[in-house]
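# A structural walkthrough
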Amino acid sequence: MLKKKNTYVVAVVGATGAVGNEMIATLERRDFPVERLRLFASERSEGQTLVFKDKDIPVETLSAKSFRGVDIALLSAGGERSKTWAPVAVKSGCVVIDNSSQWRMDPHVPLVVSEVNPHDLKWHRGIIANPNCSTMQMVVVLKPIHDAVKIKRIVVTTFQSVSGTGKKAMDELIQQTVDLLNFRPVQKNVYPHQIAFNCIPHIDAFLENGYTKEEMKMVNETRKIMGDDSIMVTATTVRVPIFRCHSESLNIETEKKITPNEVRSVLSASPGIVVYDAPAKNIYPLAVDVAEKDEIYVGRIREDESIDQGINMWIVADNLRKGAALNAVQIAEKLIEMT
Ligand SMILES: NC(=O)c1ccc[n+]([C@@H]2O[C@H](COP(=O)([O-])OP(=O)(O)OC[C@H]3O[C@@H](n4cnc5c(N)ncnc54)[C@H](OP(=O)(O)O)[C@@H]3O)[C@@H](O)[C@H]2O)c1
């Protein structure tokens, strides 16, 4: 359990990665009360330093003693590392906010989005899970609508940026683009197909039911975060050749009727959301505009005319910010508020 202090020793594990970098920047931007920042990555990064508040901080490798004296650990180094190191960190008396999928569906681990279910932080036993990026941005938008008119069914298609896969995927998109524009053959290392100038309907591994793990994360994590197992969710997740921001085409069916204008007013009054919706003026959320923004942008809000109580919308958020680092830091801020 976190003890009340003026400042906290914070560790970022996976500090050199896409999310880790964003975590360091987020701690700085939000002026999080950091007494000391410890940075960890693999042996490959030994000897590196990263900058926090104009100071060079060494990147360390992990050992059983790494978490001694650490109050809050932000883990972002993949599921295997989380499986090994989260219990070690908790044993050392630290609260873990984990970005991987390792603990998300564990019934003893709260899966928290700061605007949606901060109350679940009360029952944590040391580990708190940060949801999957595509689920995160969707539930922030859905929760206020669910509270107003109860959502029965969600049909979502995602258009996910390569930063969702991490640093190597961003490099691969750059390299493939350069190669193709220079009439050279592309190398494929991260994805099974060329990602430059392409869309790949395949994120994470395929399961026996024909869905991918990413798609089933959207089903299962949505229900856990919203605290409602009755919501029906079906997802198609697609990787697209952009660097930051996941876009989502969202169709919902509600129990009570809600008009597009009512959706706009419910969402405008909800934290963390910007309604950006004036199609006649070509105003709708775009990845290039939403990149490096904290809020989730919603537009193209319209009635689904094929059913009695349905709404369509288009939502865009920065997957490295609200989809990962920002929510993790917001969880830490909420924990401090609760102490
Ligand atoms: N990217 C997203 O939008 C997003 C969103 C939500 C959740 N996540 C999750 O966040 C985690 C990190 O994702 P990412 O996109 O930041 O990946 P990434 O860019 O590939 O970074 C991975 C990080 O993990 C470190 N690492 C790898 N093996 C390690 C080891 N044995 N010990 C310690 N550190 C090790 C790497 O260090 P080196 O640099 O030394 O290799 C690097 O800092 C993943 O679990 C991912 O599923 C990502």
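Provided above is the structure to which this section pertains.
Rules behind the numbers
Residues numbered from 1 in each chain as written. Predicted model: local features only at pLDDT ≥ 70, side-chain atom pairs only at ≥ 80, totals over all residues. Heavy atoms only, no water. Salt bridge = Lys/Arg side-chain N within 4 Å of Asp/Glu carboxyl O. Helix = DSSP H or I, 4+ residues; strand = E, 2+ residues; numbered from the N terminus. Buried < 20%, exposed > 50% of the residue type's maximum accessible area, 1.4 Å probe, protein only. Near = heavy atom within 4 Å. Polar contact = N/O pair within 3.5 Å; in protein donor to acceptor, adjacent residues only side chain to side chain. Areas by Shrake-Rupley, 256 points an atom, 1.4 Å probe, with all protein chains shown as cover. Nonpolar A, V, L, I, M, F, W, Y, C, P; charged D, E, K, R; others polar. Pairing = 2+ DSSP bridges. Right-handed = clockwise from strand over helix to strand, strands pointing away.

## Describing the pattern of salt bridges
If charged atoms from side chains of opposite charge come close, those side chains can pair. The final tally for this structure, using the stated rule, is 19 salt bridges. A salt bridge links glutamate 333 to arginine 30; the shortest N-O distance between them is 2.8 Å. Pair noted here: glutamate 333 is in helix 8 (residues 321-338) and arginine 30 is in the loop between helix 1 (18-29) and strand 2 (34-40), with a separation of 303 residues, a long-range link. The class for arginine 30 is partly exposed, based on a relative accessible area of 32%. Two residues, aspartate 204 and lysine 217, come together in a salt bridge whose shortest N-O distance is 3.1 Å. In this pair, aspartate 204 sits in the loop between helix 4 (167-181) and helix 5 (213-226) while lysine 217 sits in helix 5, placing the two residues 13 residues apart along the sequence.

## A word on the site of the ligand
Among the 26 residues in the neighbourhood of the ligand, the closest are listed as Thr16, Val19, Ser42, Ser45 and Ser163. Within the backbone of valine 19, a nitrogen or oxygen atom sits 2.9 Å from an oxygen atom of the ligand. Burial of the ligand by the surrounding chains reaches 79%, relative to a free accessible area of 910 Å². Those elements giving two or more residues to the shell around the ligand turn out to be helix 1 and helix 8. Looking at side-chain class alone, the shell around the ligand contains 9 nonpolar, 14 polar and 3 charged residues.

## Overview of the pairing of strand 5 (residues 72-75)
Neither face of strand 5 is exposed, since Ile72 and Leu74 on one face and Ala73 and Leu75 on the opposite face are all buried. Bridge count between strand 1 (residues 8-13) and strand 5: 4 bridges; the pairing is parallel. The residue bridging valine 12 from the neighbouring strand is leucine 74, located in strand 5. Sheet analysis places strand 5 next to strand 6 (residues 95-98), joined by 4 bridges and oriented parallel. Each bridged residue has a counterpart across the sheet, and for leucine 75 the counterpart in strand 6 is aspartate 98. Handedness of the β-α-β unit built from strand 5, helix 2 (residues 79-91) and strand 6 comes out right-handed.

Any functional reading would require information that these geometric values do not contain.
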